[in-house]
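# Remarks on the overall topology
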Amino acid sequence: MATASLSGAAPPVIELRDITRRYGSGEAEVVALGGVSLTIRQGEFVAIMGPSGSGKSTAMNIIGLLDRPTSGHYLFQGHEVGQLDQDQRALLRRHYLGFIFQGFNLLPRTTALENVELPLVYKAVPGPERIERARAALARVGLAGREGHDPSQLSGGQQQRVAIARALAGSPTVILADEPTGNLDTQRSHEIMQLLTRLNRDEGLTIVMVTHEEHMAHYASRLVVFVDGTVQSDGPVQGENLHVAKGG
Amino acid sequence: MLWETLRLAVRTIRRNVLRSFLTVLGVVIGVAAVIAMLTVGQGSSQQVSASVQSLGSNVLVLRPGKRTMGPPTQGETTRAFTLRDADALAELPVVAAVAPSTSASVTAVAGNANLTTTVTGTTAGYVPVGGWTMAIGRNFSETEGRSGVLYCIIGETVREKLFGRADPVGQSIRVKGLSCEVIGLLSPKGATSFGRDQDDTILMPIRAVQRRMTGNDDVGSISLTLAEGVSSASAQREIAALMRERRRIAEGQDDNFSITDMKEIASMLTGINAVLTGLLSSVAAVSLLVGGIGIMNIMLVSVTERTREIGIRLAIGAQSGQVLMQFLIEAVVLSVLGGVIGIATGLAMAYVAAQVMAIPFTPQIGVVLLAFGFSALVGVVFGYFPARRAARLDPIEALRHQ
């Protein structure tokens, strides 16, 4: 496989092995994921595409340890994490994952700095160091000087940068981005994607991103396309793959 | 982490001052009412015991007539006591001192000042039995007390009205047209718990009052103190037996006199006071409960409003216990805040009430701590359910919440 040869040396961070996720039971049972296997290695920038209902969001929730698979194995850095309880998964999210959402999901009436501090609060980083690290994270996304701003005082693009800074602040292993440009205009979307690409390329951060926009998928190095709860294609970002995604 | 949670709670509460205030208003009112009731109750029971103390301890009072509850029965003639009754009582070994007395309403005049007051004819025993002390001058001697000599001992109120701040001893006052030399001034006692001014009084030897004012030999009441170590109940039996004999009451007939133990009155008044305080405080405590429900209501609304925030926190790595603590601490901070405001308000109310009712203001640290603890408990109890609801949210659902 092309990706395997590209980053063959890097260890796998996320390994899904024959993951299924079913909701309900009996007649009303819905199969969201019907046996998904996927390996994401350290330093990859993976885009996940697929039509709505294809299972990409469910897969993201499982990768993000917000949801548990019905069956199958999920190995995170080599450890089985699929069936951990809520609090254990919370601890893993706290220490290894950073989330970016379509709707930014910043705490309202809370300054940018305090929003970015949030994961550090849960990591029990002491006050002064926490402020220091939160400031540094804001500087990395180009928002130095906006620490005291409220989300309502910031533009959409700036809010998403704050959200990225928040995801970065906890020094995660993997950044999970769920349609990070879905609420932004084209100009801002490209800026956000350039920022993510830089973090991936320069800092070696592993990024998994769900998107439905072709242009945005181009920034990734690898594209996984979901259709009907299974992986339909998986490979380097190419016109062909994108075409499949669009067609599905 | 706890410190962070506390800071977060304070910040959340400050973000919506008006709403937070309205939320805790119930607790404020409840705590204030309980504090005010208990403080005023304590003050008035201190007042009662102080004024009963001022009547003299270990004192029995004999009065002619049956001991009745309710309105006095008309048409019943009751024989008054005589000085010989008092002498006979003084002979009893259980009795330490006796003070027979009879009183008349009079107008007292000194110079240009005059005053309507009560003159009490009594003996030298009145001062010690009544628990009085002399401020200036002296008490009657035994012989003066039993004589008809025109000497007066006056109370502080009479002194003030007739002589101002001047020394009255050696001056003379006119009582019912009779000139009477003031030989002593009583130390002030203040009002009784029923509001009667005890210092508004003139004492004169009993025979002088009988002969010149009431015109008969009657003794209206006899006060006596019991000997050291004598039980009130057995002394009362002995005294009753003596009086029945002296008043020739046949076996099987009711007493036509009454014996009152001032201690009984004291404990009765204190009892009434305690019951009233307890009753009013429990009513007030109910409003604390209502206040707690108010907090629960707003916390439930708050959890729903902040579902998305909870989702974000969970996604970022908050454990459900941490979310629980966040909302629980917020509820506790709210209710403790209400408790503190309530304590201050209650103490202020009690202070004003104490001034108006002329009773001592006695804030009790125990009551304050209890109210503080209770308001924290209200926060825990009524905050738990909303907090648990927040902690049990599914992060995916919570993040999707609009």
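Anyway, here's the lowdown on the structure attached to this text.

## A look at the overall build of chain B
A count of helical and extended segments in chain B gives 13 helices and ten strands. Computed over its C-alpha atoms, the radius of gyration of chain B comes to 33 Å, more than 25% above the 21 Å expected for a compact globule of 402 residues. Once the C-alpha set of chain B is aligned to its principal axes, its extents read approximately 100 × 55 × 40 Å. Considering chain B as a whole, with its 402 residues, one finds that 50% of them fall into the buried category. Residue pairs in contact within chain B that sit at least 24 positions apart in sequence constitute 77% of those at least 6 positions apart. Accessible surface computed for chain B: about 19,400 Å², of which carbon and sulfur atoms make up 59%. Both charge centroids of chain B, one from 35 positive and one from 29 negative side chains, sit 8 Å from each other.

## A few points about the state of the cysteines
All names here are of chain B. As enumerated under the stated definition, the model contains one disulfide over all chains in all. Linked covalently through their sulfurs, Cys152 and Cys180 form a disulfide whose S-S length is 1.8 Å. Its S-S torsion of approximately 130° makes the covalent link between Cys152 and Cys180 right-handed. Remark: Cys180 occurs in strand β7 (residues 178–186) and Cys152 occurs in strand β5 (residues 151–154); sequence separation between them is 28 residues.

## Quick notes on the packing of helix α4 (residues 112–122) of chain A against helix α10 (residues 307–316) of chain B
Contact geometry for α4(A) and α10(B): axes closest at 9 Å, N-to-C directions at 55°. Between α4(A) and α10(B), the angle is such that the two are oblique. Seen from above, α4(A) lies across α10(B) with right-handed handedness. Facing α4(A), whose interface residues are Leu118(A), Pro119(A) and Tyr122(A), α10(B) presents Ile312(B), Arg313(B) and Ile316(B).

## Focus: the nonpolar core
Core analysis: the biggest nonpolar cluster contains 68 residues, and Ile14(A) and Tyr74(A) have the highest contact counts within it. A total of nine residues in this core trace back to one element, the largest contributor, which is helix α11 (residues 320–357) of chain B. With 42 residues, the next largest nonpolar core counts Ala137(A), Leu205(A), Ile207(A) and Val225(A) among its residues.

## Here's the deal with the pairing of β5(B)
Residue and element names in this part refer to chain B. Sheet analysis places β5 next to β7, joined by four bridges and oriented parallel. Considered in β7, the bridge of Ile153 is made with Gly184. Sheet topology places β5 next to strand β8 (residues 201–205); two bridges connect them, and they run antiparallel. Bridging across to β8, Ile154 finds its partner in Ile202.

## Side note on the environment of Gly26(B)
As for its position among the elements, Gly26(B) is in helix α2 (residues 17–54). Linking Gly26(B) and Gly291(B), residues 265 residues apart in sequence, is a C-alpha distance of 3.7 Å.

## Concerning the side chain of Gln159(A)
In this structure, Gln159(A) sits in helix α6 (residues 156–169). Those residues within four positions of Gln159(A) in sequence are excluded, and the remaining contacts are Phe104(A), Leu106(A), Pro151(A) and Leu154(A).

## Some remarks on the environment of Asn112(B)
Counting through the fold element by element, Asn112(B) comes out in the loop between β2 (95–110) and β3 (113–122). Distance from Asn112(B) to Arg388(B), taken between C-alpha atoms, is 81 Å for residues 276 residues apart in sequence.

## Topic: the pattern of salt bridges
Residue and element names in this part refer to chain B. In this structure the tally under the stated criterion is 24 salt bridges over all chains. Where Arg19 meets Glu305, a salt bridge forms, and the shortest distance between an N and an O atom there is 3.3 Å. Within this pair, whereas Arg19 is found in helix α2, its partner Glu305 is found in helix α9 (residues 262–305), the two being separated by 286 residues in sequence.

Here is what the cut-offs are and how they apply
Residues numbered from 1 in each chain as written. Chains lettered and ligands numbered in written order. Predicted model: local features only at pLDDT ≥ 70, side-chain atom pairs only at ≥ 80, totals over all residues. Heavy atoms only, no water. Helix = DSSP H or I, 4+ residues; strand = E, 2+ residues; numbered from the N terminus. Rg over C-alpha atoms; globule rule 2.2 N^0.38 Å. Buried < 20%, exposed > 50% of the residue type's maximum accessible area, 1.4 Å probe, protein only. Contact = heavy atoms within 4.5 Å. Areas by Shrake-Rupley, 256 points an atom, 1.4 Å probe, with all protein chains shown as cover. Lys, Arg positive; Asp, Glu negative; His and termini not counted. Charge placed at Lys NZ, Arg CZ, Asp CG, Glu CD. Disulfide = S-S within 2.5 Å. Axes fitted to C-alpha atoms, helices over the stretch in contact; angles between N-to-C directions. Parallel < 35°, antiparallel > 145°, perpendicular 65-115°, else oblique. Left-handed = near helix turned anticlockwise from the far one by under 90°. Core = buried A, V, L, I, M, F, W, Y, C linked by side-chain atoms within 4.5 Å. Pairing = 2+ DSSP bridges. Salt bridge = Lys/Arg side-chain N within 4 Å of Asp/Glu carboxyl O.

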